[in-house]
Amino acid sequence: MEERSFIPGIEGPMKVEVSIDPSSRRLVDLEIKPMESSRFFEVILLNREAKAVPYIASRICGICGYAHALCSAMAIEDAWRLEVPDSVRSLRELIAILSTVNSHLFHLVTLLFTWLGRSRPISLNFKRNLIELMKVKTHTIDKALNELCGDKLHPRNIVPGGFTYLPSMNRVMSTLEGVNRLNKLVYGLVEELLSFDLLREEDFKTHYVALKNETRYGLLEGCISIDSMIEIKVSNFKKYFIEQSISGSPAKLCLLYGKESYMVGALARLNVNSCQECEYRRWLHKLPSTNPYLIPIAQGVEVMKFLDIIQDLRRELRDEPRLVKPHHYPRRARGMSAIEAPRGLLYYEVEVISHKLTALDIITPTVQNLANMKDSLKYIVQRLLEGMKRAQIDEIRREAERLVQCYDPCIPCAVHVHET
Amino acid sequence: MIRPMRITIAQYSLSGCEGCALRLLNIITSNEKLIDHIELVSSRVMGIPEVRQADVAFVDGSVLRDNEEEFLMEIRSKSRILVALGTCSIMGGLNALRELYTVAELEEQVYGMKLNIGHLDSAKPLDSIVKVDYIIPGCPPPTWEIEEFLLCLLLGKEFRLTDRTVCFECTSQGLPCLLERGEVCFGPVIRGGCNAICPKYGIPCWGCRGIVEEYGMERLIENLRKHNVSPERVKEYIRIFLLKTKLRTLMR
């Protein structure tokens, strides 16, 4: 039986195999191995009516299902040249933010259970705070997503053109009233995480890629920024970012210019957008930050930021019609969309003939982060080897595991969607 | 009143989106009634990846790779009660759609090469490999039903799924009939318990909780025909969750 000693605390089964030469204390080889089976979504989604595509695409992933539903709907709208009203856009923004807060908080809580549970018993008081946080999240963020889209994991009503149904916005607003209570609990959670001295100080230089929006810290609209220096249109994504297959692996890698690794996700978003005004950026010491161990802290900063934005968006909620249909369907057209999923940039490219999906290409955040994760692991392992008199396998294993956990990879996403 | 007892729970994921696992974990980390009576002894996502002895093992996803069969048998050998959680583990769900192609075709189309990593031709539900004690269906299963199951265990009560249909739950809420509007809706034969959440949000029932009214299937097909729904459209929507059911056989 194949050994199933997968990295704990992450979504989906994955292994990292490290080969070291003990005599010279050099890293010989390092491989990242996602171990999940492919589910071939890019085939099973083809030749389907467009309205069913977001419903099925959200099943790619249990935690970023909302991102897949939104991105697929927006790519089809792009193909149809369909403009949705501002009411749809702002509600989608709220939904993307709520699902990102949900994802980040789940990651932070699982990280604490994984790290602290293994290194020392979790104090009762701290455990109570975690439970309180999960409880408040359930009664605010989860409840709002349930109200807005029928289910907090897989949305039911997201279709190209808007929403098939929405409840009264008063009900949604009332579920979000308690969101303020999360601030204090999340603050405590991040401070707790920082106090344990589990996060190494590292300086790993790489490229950071995220959506950049001039008006606000957006998740759904903007151009793609590389290191805050190059800005490209979504339609040019594939000119810069090239996917590559890995022999014998169900996952692929995506590289900048086809050769350089880059980071997407919370830390990349904060680095690209600077966020000078954000008071919680002090948790990261400096921005831009080059320490991949601080990704969970960046997620904490984002949650604090998003809790404020939720309050602003809450005031914009109105009961307005939120579904538009094209006047006519194109005979054959292509469309693209790039949004910020919780773990980073998510790209969809579709071809539609009339109202049916006929071709599909999805590039997920984890596919984009895998090469960066591998490069940063190599960097850390080599640094550990150089800093130690003897190669202590347990420490190397612990630090490698911890770094992967910081990246918050999503293996179900990474192995289930590829170009077709 | 809940008796002051504790049960040990293990959570395992085979191939799937892991949404069912996240739903379960969310319940056991936030439900005040349950939290003091449950001990989580295994869960990769929560940092405990080892297979351990447990009173109840919840398994989501389906067997898609050869190594997952042995993993499942090990889980069975260490669990007093085994629960298949979610559509993929019970009837293959979206994973079953691979059966419309060969693995070689799929790998060629997606990766442009053969992977040789033990992909199976079919999605095996758990009960085709090991004994399953309970099922909790849905994509994902409703929160209340998982909570109900855990409460039944703690109280020593028998857990039963509802035999009502989605159609019953839909009409009793006064929702407009999507089938009558010419939509492909399988609600009249699908197990309820979900409070007809999809029709409530404007999407027809595509059957994630499985068929409960087998004798109503022919009448449903007749009804769809009466509302001018083409057989091709019906087949397209069977090819979401219901590929491994008799409904597909009837539509051949």
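Colleague: Please explain the packing of aromatic side chains as it appears in this structure.
Modeller: The relative placement of two aromatic rings is captured by the distance of their centres and the angle of their planes. Scanning the model with the defined rule gives 17 aromatic pairs over all chains in all. Measuring from centroid to centroid gives 5.0 Å for tryptophan 80 of chain A and tyrosine 329 of chain A, while their planes differ by 70°, and the two rings are edge-to-face. Taken together, the residues span a long stretch of sequence, with tryptophan 80 of chain A in helix α3 (residues 65–80) and tyrosine 329 of chain A in the loop between α10 (295–316) and β12 (333–341) at a distance of 249 residues. Accessibility expressed as a relative area gives 37% for tyrosine 329 of chain A, which makes it partly exposed. Note on tyrosine 134 of chain B and phenylalanine 159 of chain B: the rings are 6.3 Å apart at their centroids and 70° apart in plane angle, and the pair reads as edge-to-face.

Colleague: What am I meant to see in the interface of chain A and chain B here?
Modeller: Taken together, the contacts link 74 residues of chain A with 57 residues of chain B. Between chain A and chain B, a total of about 5700 Å² is buried, with carbon and sulfur atoms accounting for 58% of that surface. At the boundary of chain A and chain B, one finds 4 salt bridges. Glutamate 49 of chain A is the salt-bridge partner of arginine 233 of chain B, the closest N and O atoms lying 2.7 Å from each other. Our count for the contact surface shared by chain A and chain B stands at 19 residue pairs in polar contact (both at pLDDT 80 or more). Contributions of two or more residues to the side of chain A that touches chain B are made by α1 (41–44), β3 (48–49), α2 (53–57), α4 (86–119), α5 (124–149) and α13 (411–416) of chain A. Take the side of chain A that touches chain B: its biggest share by element is 10 residues, from α5 of chain A. Of the residues in the side of chain A that touches chain B, the class split is 32 nonpolar, 21 polar and 21 charged.

Colleague: I would appreciate a short explanation of the sheet that holds strand β7 (residues 134–136) of chain B in the present structure.
Modeller: Sheet strands pair via backbone hydrogen bonds, and the direction of the pair is either parallel or antiparallel. Residues and elements named next belong to chain B. Spatially, 5 strands are ordered β2-β1-β3-β5-β7 in an open sheet, and the strand pairing comes out parallel. Among the strands making up the open sheet, the edge pair consists of β2 (38–43) and β7. The average angle at which neighbouring strand axes cross in this sheet is 25°, direction not considered. Sheet analysis places strand β1 (residues 7–13) next to β2, joined by 5 bridges and oriented parallel. Each residue of the ladder has a partner; that of threonine 8, found in β2, is glutamate 39. Along the sheet, helix α3 (residues 66–77) makes contact with β1, β3 (54–60) and β5 (79–85), crossing β5 at roughly 130°.

Colleague: Please explain the sheet that holds β3 of chain A as it appears in this structure.
Modeller: Residues and elements named next belong to chain A. If you walk across this open sheet you meet the 4 strands as β3-β14-β13-β12, and the pairing is antiparallel. Since the sheet does not close on itself, it has two edges, and those belong to β3 and β12, each with one partner. In the sheet, strand β13 (residues 344–353) pairs with strand β14 (residues 356–363) via 7 bridges, with the strands oriented antiparallel. Opposite valine 352, over in β14, you have leucine 357 as the bridge partner. Contacts from helix α11 (residues 365–387) reach β12, β13 and β14, with the element oriented near 135° to β13.

Colleague: What's the story with the domain arrangement of chain B in this structure? I'm lost.
Modeller: Interfaces are frequently sized by the accessible area removed from exposure as the parts join. All names here are of chain B. For chain B, the assigned domains read domain 1 (7–155) and domain 2 (166–251). One C-alpha centre belongs to domain 1, the other to domain 2, and the line joining them spans 26 Å. Counting from both sides, the interface comprises 16 residues of domain 1 and, opposite them, 15 residues of domain 2. Summed over both sides, the interface between domain 1 and domain 2 buries roughly 1300 Å², with carbon and sulfur atoms accounting for 65% of that surface. Here domain 1 is connected to domain 2 by 2 salt bridges. Of the charged contacts, one joins arginine 209 and glutamate 145 as a salt bridge, the two residues approaching to 2.7 Å between their closest N and O atoms. Inspection of the domain 1/domain 2 interface yields 6 residue pairs in polar contact (both at pLDDT 80 or more). Elements with a contribution of two residues or more to the side of domain 1 that touches domain 2: α4 (87–91) and α6 (143–155). Residues belonging to the side of domain 1 that touches domain 2 are distributed by class as follows: 11 nonpolar, 3 polar and 2 charged.

How each quantity is defined
Residues numbered from 1 in each chain as written. Chains lettered and ligands numbered in written order. Predicted model: local features only at pLDDT ≥ 70, side-chain atom pairs only at ≥ 80, totals over all residues. Heavy atoms only, no water. Phe/Tyr/Trp six-rings, centres within 6.5 Å; stacked < 30°, edge-to-face > 60°. Helix = DSSP H or I, 4+ residues; strand = E, 2+ residues; numbered from the N terminus. Buried < 20%, exposed > 50% of the residue type's maximum accessible area, 1.4 Å probe, protein only. Contact = heavy atoms within 4.5 Å. Buried area = accessible area lost by both parts, 1.4 Å probe. Salt bridge = Lys/Arg side-chain N within 4 Å of Asp/Glu carboxyl O. Polar contact = N/O pair within 3.5 Å; in protein donor to acceptor, adjacent residues only side chain to side chain. Nonpolar A, V, L, I, M, F, W, Y, C, P; charged D, E, K, R; others polar. Pairing = 2+ DSSP bridges. Axes fitted to C-alpha atoms, helices over the stretch in contact; angles between N-to-C directions. Domains from an automatic or database assignment.

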